[in-house]
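# Structure at a glance
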Amino acid sequence: MQRVESEVDLDQILITEDEILGCLARMGKQITADYDGKDLLLVGVLKGAVMVMADLARAIDRHVEMDWMAVSSYGSGTKSSGVVRILKDLDTDVAGRDVLIVEDVVDTGLTLSWLVANLRSRGPSSVRIASLLRKPDAMQMEIDVDYVGFDIPNSFVVGYGLDYGERYRNLRCIATLGEQAHE
Ligand code: 5GP
């Protein structure tokens with residue numbers, strides 16, 4: 001793994017920008033093929049999925065619509081509880097639509113399993129999930145992620161949309177934080 005020299009508070013780059021873009025290009029090609037003739041609605045989860053949505057949507061070679069949800073997970077500190085509140089709902093009626101949820105990372109899976117159930121209750125044709133990252137060792141819910149970019153270890157990562165205290169979202173790669181950044 002490459003050390004990050006220029007950013008003192010970052011520790012290591014886990015996934016480079018080139019690796020991310022290559023992966024999303026392949027994912028987009030697969031989605032283009034899988035949704036042939038379908039009416040695809042991409043649903044991004046704010047704010048973390050903004051970068052994934054921007055690059056994945058442009059890697060899909062067909063008409064897509066995009067919409068956004070913002071949810072907040074009730075819980076203690078950084079721990080996900082699975083109890084979710086909608087901060088911003090979709091503008092789109094998903095009834096009869098093929099919905100693809102676009103996520104940055106599936107950690108415990110609690111937020112996503114709630115979101116899938118919530119969207120399914122609105123009568124869509126299908127609901128699938130695309131996530132750039134997945135932490136298999138952190139998952140507490142059996143959840144099928146249909147398109148996965150990278151399986152990563154169970155550690156806290158930032159960059160490419162993912163934040164620590166609202167910072168690092170604009171980092172082009174995915175990295176772990178050094179000790180100083182947590183203080
Ligand atoms: P889950 O309900 O799967 O545990 O939580 C998923 C959400 O927690 C993600 O959408 C993301 O906002 C946040 N999250 C989980 N792991 C990380 C991480 O390693 N880094 C950052 N920045 N956020 C994370």
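Further up the page is the structure itself.
As the structure is a computational prediction, the values presented were derived from the model and not from experiment. (Residues numbered from 1 in each chain as written. Predicted model: local features only at pLDDT ≥ 70, side-chain atom pairs only at ≥ 80, totals over all residues. Heavy atoms only, no water.)

Bringing the overall build of the chain into the picture now. Regarding its fold elements, the chain presents four helices and 10 strands. Element order for the chain, N to C, with α for helix and β for strand: β-β-α-β-α-β-β-β-α-β-β-β-β-α. Taking all 183 residues of the chain together, 46% fall into the buried category. A total accessible area of about 9600 Å² is found for the chain, and carbon and sulfur atoms account for 46% of it. (Helix = DSSP H or I, 4+ residues; strand = E, 2+ residues; numbered from the N terminus. Buried < 20%, exposed > 50% of the residue type's maximum accessible area, 1.4 Å probe, protein only. Areas by Shrake-Rupley, 256 points an atom, 1.4 Å probe, with all protein chains shown as cover.)

We now examine the nonpolar core. Most often, soluble globular proteins keep nonpolar side chains buried together rather than apart. Membership of the largest hydrophobic core comes to 27 residues, with the highest contact counts inside it found for Ile-31, Leu-132, Leu-133 and Ile-174. Mapped by element, the contributors of at least two residues to this core are helix 1 (17-34), strand 3 (40-46), helix 2 (50-59), strand 6 (98-106), strand 7 (126-134) and strand 8 (147-151). If near-sequence neighbours (up to four positions away) are discounted, Leu-132 is found in contact with Ile-20, Cys-23, Leu-24, Val-52, Glu-103, Asp-104, Val-148, Gly-149, Phe-150, Tyr-160 and Ile-174. Counting 19 residues, the second-largest nonpolar core is a separate cluster that includes Val-71, Val-94, Val-99 and Val-127. (Core = buried A, V, L, I, M, F, W, Y, C linked by side-chain atoms within 4.5 Å. Contact = heavy atoms within 4.5 Å.)

Right, let's talk about the side chain of Asp-98 for a bit. Along the polypeptide, Asp-98 turns up in strand 6. Notably, Asp-98 is buried but unbridged: the nearest opposite-charge side chain belongs to Lys-38, and the N-O separation is 4.9 Å. Not counting chain neighbours up to four residues away, the residues in contact with Asp-98 comprise Tyr-35, Lys-38, Asp-39, Leu-40, Leu-41, Ser-125 and Ser-126. (Lys, Arg positive; Asp, Glu negative; His and termini not counted. Salt bridge = Lys/Arg side-chain N within 4 Å of Asp/Glu carboxyl O.)

For side chains bearing opposite charge, pairing can occur when the charged atoms are close. A full pass over the atoms with the stated rule returns 11 salt bridges. One salt bridge in this structure joins Lys-47 and Glu-166, with 3.3 Å as the shortest N-O distance. Of this pair, Lys-47 sits in the loop between strand 3 and helix 2 while Glu-166 is found in the loop between strand 9 (157-158) and strand 10 (174-177), placing the two residues 119 residues apart along the sequence. In this structure, Asp-151 and Arg-134 form a salt bridge, with 2.7 Å as the shortest nitrogen-oxygen distance.

This next bit is on helix 1. The end-to-end C-alpha distance of helix 1, which contains 18 residues, comes to 25 Å, matching closely the 26 Å that a straight helix rising 1.5 Å per residue would cover. For helix 1, every residue scored as buried is listed here: Ile-20, Cys-23, Leu-24, Met-27, Gly-28, Ile-31 and Thr-32. (Expected span 1.5 Å × (residues − 1).)

Turning to the environment of Ala-70, a few remarks are in order. Examined against the element boundaries, Ala-70 turns out to sit in strand 4 (residues 65-74). Taking the C-alpha atoms as reference points, Ala-70 and Gly-44, separated by 26 residues in sequence, lie 8.5 Å from one another. Here Ala-70 is in contact with Leu-46, Arg-85, Ile-86, Leu-87 and Lys-88, once residues within four sequence places are set aside.

How two helices sit against one another is set out by the angle between their axes and by the gap between those axes. Between helix 1 and helix 2, the least distance of the axes is 7 Å, while the angle of their chain directions is 50°. Overall, the two elements helix 1 and helix 2 adopt an arrangement that is oblique. As helix 1 runs across helix 2, the sense of the crossing is right-handed. Where helix 1 approaches helix 2, its residues Leu-21, Leu-24, Ala-25, Met-27, Gly-28, Lys-29, Ile-31 and Thr-32 are matched on the opposing element by Val-52, Asp-55, Leu-56 and Ala-59. For the contact of helix 1 with helix 2, the per-class residue count stands at eight nonpolar, two polar and two charged. (Axes fitted to C-alpha atoms, helices over the stretch in contact; angles between N-to-C directions. Parallel < 35°, antiparallel > 145°, perpendicular 65-115°, else oblique. Left-handed = near helix turned anticlockwise from the far one by under 90°. Nonpolar A, V, L, I, M, F, W, Y, C, P; charged D, E, K, R; others polar.)

Moving on, we get to the pairing of strand 7. Pairing between strand 6 and strand 7: eight bridges, direction parallel. Counted as the bridge partner of Val-102 is Ala-130 from strand 7. As judged from the four bridges shared by strand 7 and strand 8, these two strands associate in the parallel manner. Paired with Ala-130 across the bridge in strand 8 is Tyr-147. (Pairing = 2+ DSSP bridges.)

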